[in-house]
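# Analysis of the macromolecular model
Spelled out from the first residue to the last, the chains are:
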Amino acid sequence: MAAGRTNLSMRQRALLDRWLPGAHVEKDHSWGLVQTTVLEMTYAGSRFIVKAGGADDHHVERELHAHLNWLRPWTSLGRAPVLEYGDSEAKLLVTRYLPGELVLGSEHANVPATYREAGELLALLHAQTRIVDADYEQRENEKSLTFLSGPHRIATSTVERLRAEITGWPTPEALLVPTHGDWQPRNWLIHNTIVGIIDFGRASMRPAYTDFTRLSAQDFHRDSKLERAFLDGYGVDPRQTPAWYRTRVREAVGTAAWAYRVGDEAFEAQGHRMIAEVLAPS
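Structure report, in brief. Just so it is clear, the model here is predicted, and its values are computed rather than measured.

What counts, and where the lines are drawn
- Residues numbered from 1 in each chain as written.
- Predicted model: local features only at pLDDT ≥ 70, side-chain atom pairs only at ≥ 80, totals over all residues.
- Heavy atoms only, no water.
- Salt bridge = Lys/Arg side-chain N within 4 Å of Asp/Glu carboxyl O.
- Helix = DSSP H or I, 4+ residues; strand = E, 2+ residues; numbered from the N terminus.
- Buried < 20%, exposed > 50% of the residue type's maximum accessible area, 1.4 Å probe, protein only.
- Expected span 1.5 Å × (residues − 1).
- Arc of directions from axis to C-beta.
- Contact = heavy atoms within 4.5 Å.

What follows deals with the pattern of salt bridges. Summed over the entire model, instances satisfying the criterion amount to 21 salt bridges. The residue Lys51 makes a salt bridge to Glu63 at a minimum N-O spacing of 3.1 Å. Linking Lys51 in strand 3 (residues 46–53) with Glu63 in helix 2 (residues 59–69), this pair joins segments that are twelve residues apart in sequence. A relative accessible area of 11% means that Lys51 is categorised as buried. With relative accessibility at 5%, the residue Glu63 sits in the buried group. One salt bridge in this structure joins Arg139 and Asp133, with 2.8 Å as the shortest N-O distance.

Structure (structure tokens):
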């Protein structure tokens with residue numbers, strides 16, 4: 001099991017040796033942009049996915065929390081991987097392999113039925129619980145201002161406009177639900193026409209409409225039929241609120257700044273496009 005283990009800590013390797021002794025690495029699915037190692041492994045005739053976080057990683061802890069608290073509506077239907085082992089302190093988890101191909105880049109990425117099913121699945125996640133948070137909007141504003149104060153390639157005049165807007169926004173109470181945090185075709189699998197969900201490293205309690213931001217900027221933007229199908233599956237449109245504009249601005253700023261930080265130029269370009277679109281006169 002030496003191949004693919006070079007980025008794992010000694011503690012992570014020891015835990016894997018205990019959980020999956022003699023397991024073999026079949027494929028390294030790591031992105032290389034963040035401190036998360038993702039390995040496909042076989043052990044005792046079964047396939048598993050191993051995720052291991054680096055020293056500064058917070059994704060594995062969030063993913064573990066999601067598995068333990070929010071994924072049963074999906075795992076009970078075979079629509080999400082089942083957690084086998086996890087250790088939040090070691091930043092390590094092991095799930096059963098969920099078969100399928102990524103929707104992103106496949107023929108299914110342009111099929112309305114795929115989006116209708118994804119909408120249905122998202123509704124199941126969001127319906128589980130809800131809380132009112134009086135400080136959510138202020139926290140999110142502060143995150144955006146921190147992005148604007150850090151390294152990025154957003155034009156100075158645009159930064160000044162964004163900062164002035166954000167500091168003047170109201171901060172009402174927000175209704176939070178369990179959210180995926182990166183809801184888009186690159187985290188959907190399809191197997192025998194059935195949609196499944198992976199990658200819960202950004203899962204957290206947020207307003208429901210935040211799970212619409214990446215679809216709205218990408219897939220809905222290029223084909224309104226996909227948007228209509230998704231809403232048919234989800235049931236309602238939670239974006240009908242003044243908070244949606246604020247969320248679009250925050251998502252645009254975060255996309256441009258984060259992508260610049262990790263060197264993802266294509267995603268950074270999308271962030272700049274999102275900023276231009278959200279600030280354009282209506």
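Once you've had a look at it, read on.
Moving on, we come to the side chain of Thr114. By the secondary structure assignment, Thr114 is in helix 4 (residues 112–126). Note on Thr114: relative accessible area 3%, which makes it buried.

Below, the discussion takes up helix 10 (residues 243–262). What sets the pattern is the α-helix's 3.6 residues per turn: residues three or four places apart point alike. If you check helix 10, its first and last C-alpha atoms are 28 Å apart, about what 20 residues at 1.5 Å a residue would give, namely 28 Å. For helix 10, the tally of buried residues reaches 14 of 20 residues, placing the bulk of the element in the interior.

Now for helix 1 (residues 10–19). Every buried residue of helix 1 is listed here: Gln12, Leu15, Leu16 and Trp19. Viewed along the axis of helix 1, the buried residues span an arc of 100 degrees, placing them on a single side of the element. For helix 1, the exposed residues lying more than 90 degrees away from the buried face are Met10 and Arg18. Looking at the buried positions of helix 1, the neighbouring elements they touch are strand 2 (36–43), strand 3, strand 4 (83–87) and strand 5 (92–96).

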